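# Observations on chain architecture
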Amino acid sequence: MFPEFHILLVEDSRADTKIIERALREGKVEHRLTIVSDGGQAIDYLGRLRDPACPAGDEPDLILLDLNLPGIDGWQVLSTIKSDAFLRTIPVVVLTTSKRDEDVLQTYQAGANTYIQKPSEFPRYRELVVMLRKYWHETALKAPRDRAKDA
Amino acid sequence: MSIKDLASWATRGNRPLKTALGAALALWAIVLWASLSRSASTGGGSAAIVVCAILGLPLTGSIFFLFSRYECKYWRARVTELVSWIESGAERGSIDPAPAALYDEFERLIRGIETLEDRRRFRLSARSNLASSNAKANANDSSCRIVRALTRSGMYEPPEPADSTFDPFASGAFSTLDMIGRLDPVTLHWIDSSAAEQIFLGWSLADLSRKSFLEVVHPSDRNLAIERFESVVEKGEAHGVRLRIVNSKKETKHVELNIGARYDSNHQITHLRCHWTDVTEKVRSEDEQRKRHKFLQQFNEELKKKNRELAELRDRYGDLYENAPAMYFSLNDEGRIVQCNDTLQRTLGYPREELIDKRVIDLLATDRRGEFETCFADFLRNGYIELETTWRKENGETIVVWVRGTGVFDSKRKLLHSRCVAQDVTARSVLEDELHEKNERLARANDELSRKNKELDEFTHVVSHDLQEPLRTLIAFSDFLLRDSGDKLDENGREYIRFLVEASRRMRSLINDLLALSRAGRVTGEFSEISLAEAARVVIRDLAELIRAKNAEVRILEPLPTIWGDRSRVGQLLGNLISNGLKYNNCDRPVVEIGGRIDSDPGWSVLFVRDNGIGIESQFHGKIFQMFRRLHTREEYEGTGAGLAICQKIVQAHGGRIWVESRPGEGSTFFVALPDQRIAPVVSLRTEVLHVP
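Residues numbered from 1 in each chain as written. Chains lettered and ligands numbered in written order. Predicted model: local features only at pLDDT ≥ 70, side-chain atom pairs only at ≥ 80, totals over all residues. Heavy atoms only, no water.

### Comments concerning the overall build of chain B
Along chain B, the regular secondary structure elements total 20 helices and 17 strands. The 693 residues of chain B split such that 40% are buried. Put simply, of all contacts in chain B between residues at least 6 apart along the chain, 58% involve residues at least 24 apart. By element, 54% of the accessible surface of chain B is carried by carbon and sulfur atoms, the whole surface being about 39,800 Å². (Helix = DSSP H or I, 4+ residues; strand = E, 2+ residues; numbered from the N terminus. Buried < 20%, exposed > 50% of the residue type's maximum accessible area, 1.4 Å probe, protein only. Contact = heavy atoms within 4.5 Å. Areas by Shrake-Rupley, 256 points an atom, 1.4 Å probe, with all protein chains shown as cover.)

The following block contains the structure:
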């Protein structure tokens, strides 16, 4: 069977969180979902991963990041991750409502691995999470810690 | 042959004369003695003595006369003989006399003839003078010929002259450098001529003696000459007679003649003595003087005329200079005003005497004085200056002037003077300032507008973005509700939820269109050349599903023009127009054609999209481009009514026009006219474009 698919979801909207949860459930994606509701919490969570005492399972395989967050916004979180040699290997999927060209460009420049506009219809959510699961399975089987060791 | 031979040869001729004389005297003595002895022996003898005595003397005289005549002839013959002999000898080159001695011998011979002639002349009347003169002239002529011949053959070298005017041809009678001639008082033929005269006229005495003086005189002066000679015969002399004569070389010479009559003891005129002076040079110089004088006079006149004209010009240009609509002035190398016109004086209000020699720096407004030194140094170096500065008038007002100056330098690059012109541009400057201010205001307004636009854009974006979120939630959870708890609701409840979903979806379309519209007017992408045919093919590919669903056909009527624009917006435009043509179409087989035409207005490309759809009533032709304007119910045709508004916005942002030609039931044709050259879209119209420097 696939190893556990650990997703860190950074999302302030409860409704959207619910939609993601349901999409994962309906898409029958084996997963572990960690949810943080703002940028500060996200950075805290990721910071804790440096602690050797931190269990290896807390390391997310994928970060789903909303841009529009209260306080520290998604771009700040993104640049923090991508400027950190330890964290930068974790794939970040930016999931947001905006489809403004400037936003897309800025996000990619900040180092996002991909940019996905939040689908307007629920079925597309389902397809999305299935696709992400597949993507992770094919590309991100190695743990970040192992990859760091290789580097 | 030696000079001795020559001399003996020459004197040999004396013998017959002496013999004849001796014979005559002896005869006369015998006759006298015979008569005296006869008269002594006979009584009647005294009468014979008287007869002899009486007859003897004239007889002797006659004999002597005859002999002297003969002698004269003889001498002449001898001379002629001698001349031809010497001439032939000289030509042969066989004669070798001591040249000076030969010449002396000739002198002696000729003098002998002259003495003889003088003796004769003493006895003869004035009339016979001519003959003797002829004889002498012949001798003279001969001597000239001999000397010429000898000189030519190199056997004779004339003695070194005492002065440069020495004339070896001077005759004995006129061994003078003057040009003197003796003329017959009646015929005016030459009797005698000095060598100088002969040379001057170019004829020998022999030639001259056959000529009348009048023949030598220039035809125009002959009457004058006759008149003068008549007066000489009458009054005895004439002085300073100016005539023109023509010499043997046909040269016309001016001469001044002093003519005097010479008389014999009977007060008969023997000859006219003419003393010539060649005044050709003098006349010429006089002529030249006269001409020069005349020329000077003319020149003077011309100068006067020029002066008058110059004065007029000065007046005229002076006025132009003084009252020109610009300030003229001239500076010296110290930057002082040397000259200025009235306009400058009037404009600034200083009295002229104060302006002259004023330093131009003193004219400058105080705050402009600092830059003067540099500018003036530049001017001295470059010889040219053009600048705008501020001058202070006498009354303290300042004016803005545009000054242009050109320097005139000497060879050492020292400024001689300068031509400067200053124009009062205060008014223009004020205008410029105003314009500048207006521009700045406009620029600010533009900036404001841009900012507002951006804000609006931001606003639209944020609003639509934030509006999307709850809608998504609404739609998603309505769906969850329907799926999770649908069986717990009755049919009404389920319908309400469907209404919710539908309304949310429509709301989302509206928001999307609003977003699209707000973007349509903003052309952010780079402008480039776009082949409309290619763009249309891309759009058709994108719309393939709709086309298939409608069983439609979309044709491209090539060639389509190439335009200048934002690629994605142009694609959007074509997409909207084509999908409109498909959407508002009830045909079984909808057909949309995309074509182009060259507009009559050069510089514009026109594109059309034609359909066989439902058509539009002409009263709505303008309204269809309004935002969210719909002509049909949503049940009839889907859509928010933003499509054509977006099209219009895109076209406007490209500087073009869009219009429709349509009738209900006959399809519609949408025309889009776009300029070939890029026309700056309204929103990005930057302030620099309007700014006038």
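### Comments concerning the interface of chain A and chain B
Taken residue by residue, the interface counts 21 residues in chain A and 19 residues in chain B. Both faces considered, chain A and chain B share a buried interface measuring about 1,600 Å² in area, 47% of it formed by carbon and sulfur atoms. The largest per-residue losses of area from chain A upon contact with chain B belong to A:Arg22, A:Thr97 and A:Arg100, which jointly make up 34% of the total buried on that side. Counting every contact that joins chain A to chain B gives five salt bridges. Put simply, B:Arg483 and A:Glu26 hold a salt bridge, and the shortest N to O gap is 3.2 Å. Between the two partners, chain A and chain B, sit seven residue pairs in polar contact (both at pLDDT 80 or more). Take the side of chain A that touches chain B: its biggest share by element is six residues, from helix 1 (residues 14–26) of chain A. Within the side of chain A that touches chain B, the residues separate by chemical class into five nonpolar, five polar and 11 charged. (Buried area = accessible area lost by both parts, 1.4 Å probe. Salt bridge = Lys/Arg side-chain N within 4 Å of Asp/Glu carboxyl O. Polar contact = N/O pair within 3.5 Å; in protein donor to acceptor, adjacent residues only side chain to side chain. Nonpolar A, V, L, I, M, F, W, Y, C, P; charged D, E, K, R; others polar.)

### A short note on the packing of helix 2 (residues 39–48) of chain A against helix 3 (residues 74–82) of chain A
Residues and elements named next belong to chain A. Running from N to C, helix 2 and helix 3 point in directions that differ by 15°, and their axes come no closer than 9 Å. Taken together, the axes of helix 2 and helix 3 lie roughly parallel to each other. Crossing handedness for the pair helix 2 and helix 3: right-handed. From helix 2, Gly39, Ala42, Ile43 and Leu46 reach across to helix 3, where they touch Val77, Thr80 and Ile81. (Axes fitted to C-alpha atoms, helices over the stretch in contact; angles between N-to-C directions. Parallel < 35°, antiparallel > 145°, perpendicular 65-115°, else oblique. Left-handed = near helix turned anticlockwise from the far one by under 90°.)

### Considerations on the sheet that holds strand 8 (residues 384–392) of chain B
All names here are of chain B. Strands sit in the order 7-6-10-9-8 across an open sheet of five strands; the sheet is antiparallel. Each edge of the open sheet is held by one strand with a lone partner, namely strand 7 (337–340) and strand 8. Neighbouring strand axes in the sheet, compared pairwise and without regard to direction, differ in orientation by 30° on average. Bridging between strand 6 (residues 327–331) and strand 10 (residues 415–424) involves three bridges; their strand directions are antiparallel. Of the residues in strand 10, the one forming a bridge with Phe329 is Cys420. (Pairing = 2+ DSSP bridges.)

### Observations regarding the sheet that holds strand 3 (residues 237–246) of chain B
Residues and elements named next belong to chain B. In space, the five strands of this open sheet follow the order 2-1-5-4-3, with antiparallel pairing throughout. With partners counted over all chains shown, the strands left at the sheet margins are strand 2 (190–193) and strand 3, one partner each. Going from strand to strand, the sheet's axes swing by 30° on average, the running direction of each strand aside. Relative to strand 5 (residues 269–278), strand 1 (residues 179–183) runs antiparallel, the two being bridged by five bridges. Within strand 5, the position partnered with Ile180 by the bridge is His275. Against the sheet, helix 10 (residues 280–322) engages strand 3, strand 4 (252–263) and strand 5, with an angle of about 125° to strand 4.

### Here's the deal with a nonpolar patch on the surface
On the surface, B:Phe295, B:Leu296, B:Phe299 and B:Leu303 cluster together to form a nonpolar patch covering roughly 380 Å² of accessible area. Position of B:Leu296 relative to the elements: it lies in helix 10. (Patch = residues over 30% accessible without salt bridge, like charges linked within 9 Å, V, L, I, M, F, W, Y side chains within 5 Å.)

### Notes on the nonpolar core
In summary, soluble globular proteins display a tendency toward joint burial of nonpolar side chains. Residues and elements named next belong to chain B. Of all hydrophobic cores here, the largest spans 41 residues; its most connected members are Val554, Leu574, Leu577, Ile578, Ile594, Phe670 and Val672. Sorting the residues of this core by element identifies helix 15 (491–520), helix 16 (532–542), helix 18 (567–583), strand 14 (591–598), strand 15 (604–611), helix 19 (643–653), strand 16 (657–662) and strand 17 (668–675) as the ones contributing at least two each. In contact with Val554, not counting residues within four places along its chain, are Ile540, Ile547, Ile578, Leu582, Val592 and Ile594. Core analysis: the second largest hydrophobic core is formed by 28 residues, Leu188, Leu205, Leu272 and Cys274 among them. (Core = buried A, V, L, I, M, F, W, Y, C linked by side-chain atoms within 4.5 Å.)

### Details of a negative patch on the surface
A surface patch of negative charge is lined by B:Glu309, B:Glu312, B:Asp315 and B:Asp319. Position of B:Asp315 among the secondary structure elements: in helix 10. (Lys, Arg positive; Asp, Glu negative; His and termini not counted. Charge placed at Lys NZ, Arg CZ, Asp CG, Glu CD.)

### Side note on helix 9 (residues 222–235) of chain B
In an α-helix, one full turn covers 3.6 residues, which means residues spaced three or four apart are oriented alike. All names here are of chain B. The end-to-end C-alpha distance of helix 9, which contains 14 residues, comes to 20 Å, matching closely the 20 Å that a straight helix rising 1.5 Å per residue would cover. If you check which residues of helix 9 are buried, you get Ala225, Phe229 and Val232. The buried residues of helix 9 all sit within an arc of 55° when viewed along its axis, so they share a single face. Opposite the buried face of helix 9, by more than 90 degrees, sit the exposed residues Asn223, Glu227, Glu230, Glu234 and Lys235. Those residues of helix 9 that are buried lie in contact with strand 1, helix 8 (213–216), strand 3, strand 4 and strand 5. One or two positions beyond helix 9, positive phi appears at Gly236, with a value near 100°. (Expected span 1.5 Å × (residues − 1). Arc of directions from axis to C-beta.)

### Topic: the confidence of the model for chain B
The share of residues in chain B with pLDDT of 70 or more is 74%, and the mean pLDDT across the chain is 77. Scored by ipTM, the complex comes to 0.74, with pTM at 0.41. (pLDDT = per-residue confidence, 0-100.)

### Comments concerning the pattern of salt bridges
Enumeration according to the criterion identifies 43 salt bridges over all chains in this entry. For the salt bridge of A:Arg124 with A:Glu127, the shortest nitrogen-to-oxygen distance reads 2.9 Å. Residue A:Arg124 and its partner A:Glu127 are both found in helix 5 (residues 122–139); the two are separated by three residues, about one turn of the helix. Its relative accessible area of 46% is what places A:Arg124 among the partly exposed residues. One salt bridge connects B:Arg610 with B:Glu593, and the closest N-O pair in it is separated by 2.9 Å. One end of the pair, B:Arg610, is in strand 15; the other, B:Glu593, is in strand 14, with 17 residues separating them in the sequence. Among the residues examined, B:Arg610 registers a relative accessible area of 33% and is labelled partly exposed. Residues joined in a network through salt bridges with shared partners are A:Arg22, A:Glu26, A:Arg126, B:Asp479, B:Arg483 and B:Asp484.

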